[in-house]
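Listed below are the residues making up each chain.
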Amino acid sequence: MRKVAIAGTGHTDFASGAKKTEIELFCEAATEAMAEASTGPGDIQALYCGNVFGDFSEGQGMIQSYIANELGCWHIPATRFEGACASATLAIRDAFMWVASGFYDIVLVGGTEKATAMGTPLATRTFAMGSDSKYEFPAGLTFPGFFALLAHLYSDTYNVPMERLREQMSLVSVQSHFYGTKNPHAQFQHKEVTAEEVSKGFMVASPLRLLDCCPFSDGAAALVLASEDAAKKLTDKPVYISGVGQASSPRLSAQAPYLPRIRAREVSVRQAYDMAGIGPEAVDLCELHDCFSIASLIAAENLGFAENGKAGELWENGETRIGGRIPINVSGGLKAKGHPIGATGASQACEVARQLRGDLAEQGRQVEGARIGLVDTLGGDGVISNLVLQAGF
Amino acid sequence: MEYKLPFQDYHKALLKNKLLGLQCRQCQTVTCPPQMSCSHCAGFDLEIVELSGRGRIRSYTTIYVPAEGRGSEAPYIVVLVELKEGPWIMGNLYDLDPERASMDLVGRQVETGVRFFPGDKYSDGPAARPAFRFLAE
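Residues numbered from 1 in each chain as written. Chains lettered and ligands numbered in written order. Predicted model: local features only at pLDDT ≥ 70, side-chain atom pairs only at ≥ 80, totals over all residues.

Draft legend 1. Fine view of the overall build of chain A. Of the regular secondary structure elements, chain A holds 14 helices and eleven strands. The C-alpha atoms of chain A give 19 Å as radius of gyration, which agrees with the globular expectation for 393 residues (21 Å, within 12%). The principal-axis extent of the C-alpha atoms belonging to chain A is close to 55 × 45 × 40 Å. Each of the 393 residues in chain A was classed as buried or not, and the buried ones make up 64%. Considering only intrachain contacts with a sequence separation of at least 6, the fraction spanning at least 24 residues in chain A is 77%. (Helix = DSSP H or I, 4+ residues; strand = E, 2+ residues; numbered from the N terminus. Rg over C-alpha atoms; globule rule 2.2 N^0.38 Å. Buried ≥ 20, exposed ≤ 12 C-beta atoms within 10 Å, placed from the backbone. Contact = placed C-beta atoms within 7 Å.)

Okay, structure coming up:
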């Protein structure tokens, strides 16, 4: 297999009520990524696009084909990836393999979503399509409900009293909103929150309150991927994808032997670590899937940053901040940066690549000297994908 | 190979208050809700069995923000129940004011009843759903 580099990155503002279409948002991110990589549509050999709910939010399916041609990448193969919130990470992993195999030298990958166009009731309905429609949705399961069940199970399994877990979950949201104020693309770039505001917010699905939950969001992000040889001509600062992983889960109740661990995440990240030849201790920063505050704690444990039941202590002790042992979601994360689900994995990879290139000092959230970063994306209750990114300069 | 216990058969039995599962002839593990292979050993040699419907609550949540079309149900309690035969299933709990749900629920013994979800425009028809009630302890 050949080495594969991220040669360019693009990221739109994340927002509620975006005025542009999913196609327009993707095109803006894609042209930014191509410009960064000093390349253009004539060099792009294939397109990989995460998009989940275009059919519901805009009545638009099959957007990948329109995107390719709008960009001037006429008639190239274009493929849409649907893996709920992990769609773009699946797209990146596949794009990586096509370049690693030697089939293509330069490809475009990313994702786009306009979830807020659906409004909260329909968005809640469509997001619930990422859980089991026959055996779990009939009971009224929603996505906050999924992680709410895990929160109470987490408390019971690891003997973390709900009062303390409540405080730990609040700290997760407080930190995400703090860094979100430093990210000019963040949906909540003007909103810091206090632990009290998080723990007193209105209940969505007990014990999860409004500020435990990521928002519905619109936005897009994109990357240019290139083989090592091609990347040398496109950028002075290639960021290599040195490890990839992906795994699948059954419906929530069938994950019982492992819960509240997400076993598929442990499988996926092990693939990525092994491929990169590293372990969790080598990771300098991580963008993980904090769709809900409790999800951050569970993810940090599954990824190997803390023992089971102990991840809350990372946030309590400031270990997840810049300067701490493992900076997590210093972009604001899904919570404050926003979560346009088809774009989220590309946004995470874009963020980590920019950190590894040292681009974020002016924003006041640069992890100094970071060389290795981890991307973690969870889709529905089933799909997990992880990427290890390494500075290649 | 024929799908041993399709959703429609499971659903019709549950409407008659019979909870069906699949027992593996190789490892004896019980799988519920049904699926193609044994949840433990991936074997396909499965036998349909009627389950006790009894178990204990492992987790719960009260849902205040429901999906489109289900606003009249909220707030409502969703529970994960570990059945005596081993598998976990999801359902509702109607024996308690949803506002009063607390960690005291975890470990409570329950038995399965049934309620009906009529389906919505995205569903392929109705679905029976387990509705649990407390067992005297």
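Draft legend 2. Main features of the sheet that holds strand β2 (residues 30-31) of chain B. All names here are of chain B. Read across the sheet, three strands follow the order β2-β1-β3 without closing on themselves; strand pairing throughout is antiparallel. Across the chains shown, the open sheet's two edge strands, defined by having one partner strand only, are β2 and β3 (46-50). Of the pairings in the sheet, the one linking strand β1 (residues 20-24) to β3 comprises five bridges and is antiparallel in character. Within β3, the residue paired with Leu-20 across the bridge is Glu-50. (Pairing = 2+ DSSP bridges.)

Draft legend 3. Region of interest: the confidence of the model for chain B. When pLDDT is averaged along chain B, the result is 96; 100% of the residues meet or exceed 70. Across the assembled chains, the prediction reports ipTM 0.98 with pTM 0.97. (pLDDT = per-residue confidence, 0-100.)

Draft legend 4. Layout of the packing of helix α6 (residues 143-158) of chain A against helix α11 (residues 293-302) of chain A. All names here are of chain A. Interaxial distance between α6 and α11 falls to 9 Å at its minimum, and their mutual angle equals 60°. Between α6 and α11, the crossing angle belongs to the class labelled oblique. In this structure, α6 crosses over α11, and the sense of that crossing is left-handed. Across the interface between the two elements, Phe-147, Leu-150, Ala-151 and Tyr-154 from α6 touch Ile-294, Ala-295 and Ile-298 from α11. Here the contact of α6 with α11 is built from residues that sort into seven nonpolar, no polar and no charged. (Axes fitted to C-alpha atoms, helices over the stretch in contact; angles between N-to-C directions. Parallel < 35°, antiparallel > 145°, perpendicular 65-115°, else oblique. Left-handed = near helix turned anticlockwise from the far one by under 90°. Nonpolar A, V, L, I, M, F, W, Y, C, P; charged D, E, K, R; others polar.)

Draft legend 5. How the structure looks around the environment of Gly-59 of chain A. All names here are of chain A. Considering the arrangement of structural elements, one finds Gly-59 in the loop between α2 (54-57) and α3 (63-70). The exposure class of Gly-59 is exposed, given the 7 C-beta atoms found within 10 Å. Along the sequence, Gly-59 and Phe-292 sit 233 residues apart, while their C-alpha atoms lie 28 Å from each other.

Draft legend 6. The arrangement of the sheet that holds strand β9 (residues 285-287) of chain A in detail. Residue and element names in this part refer to chain A. Strand order in the open sheet formed by nine strands is β3-β2-β4-β7-β1-β8-β11-β10-β9, with mixed pairing between adjacent strands. Edge positions in the open sheet fall to β3 (78-81) and β9, since each of these has one partner strand only. Each neighbouring strand pair of the sheet contributes to a mean axis angle of 25°, computed without reference to strand direction. Both strand β1 (residues 4-11) and strand β8 (residues 239-248) contribute to a ladder of two bridges, which runs antiparallel. Paired with Ile-6 across the bridge in β8 is Val-239. Its contacts with the sheet place α3 against β2 (47-50) and β3, and it is angled at close to 135° to β3. Here helix α14 (residues 344-357) sits on the sheet and contacts β1, β2, β4 (106-114), β7 (218-227), β8, β9, β10 (372-379) and β11 (383-391); the angle it forms with β10, its principal contact strand, is near 170°.

Draft legend 7. Region of the structure containing the interface of chain B and chain A. At the interface, 32 residues of chain B touch 31 residues of chain A. Those elements that provide at least two residues to the side of chain B that touches chain A are β4 (54-63), β5 (76-83), β6 (88-93) and β8 (127-134) of chain B. Broken down by element, the residue count for the side of chain B that touches chain A peaks at six residues, all from β4 of chain B. Residue composition of the side of chain B that touches chain A, by class: 20 nonpolar, seven polar and five charged.

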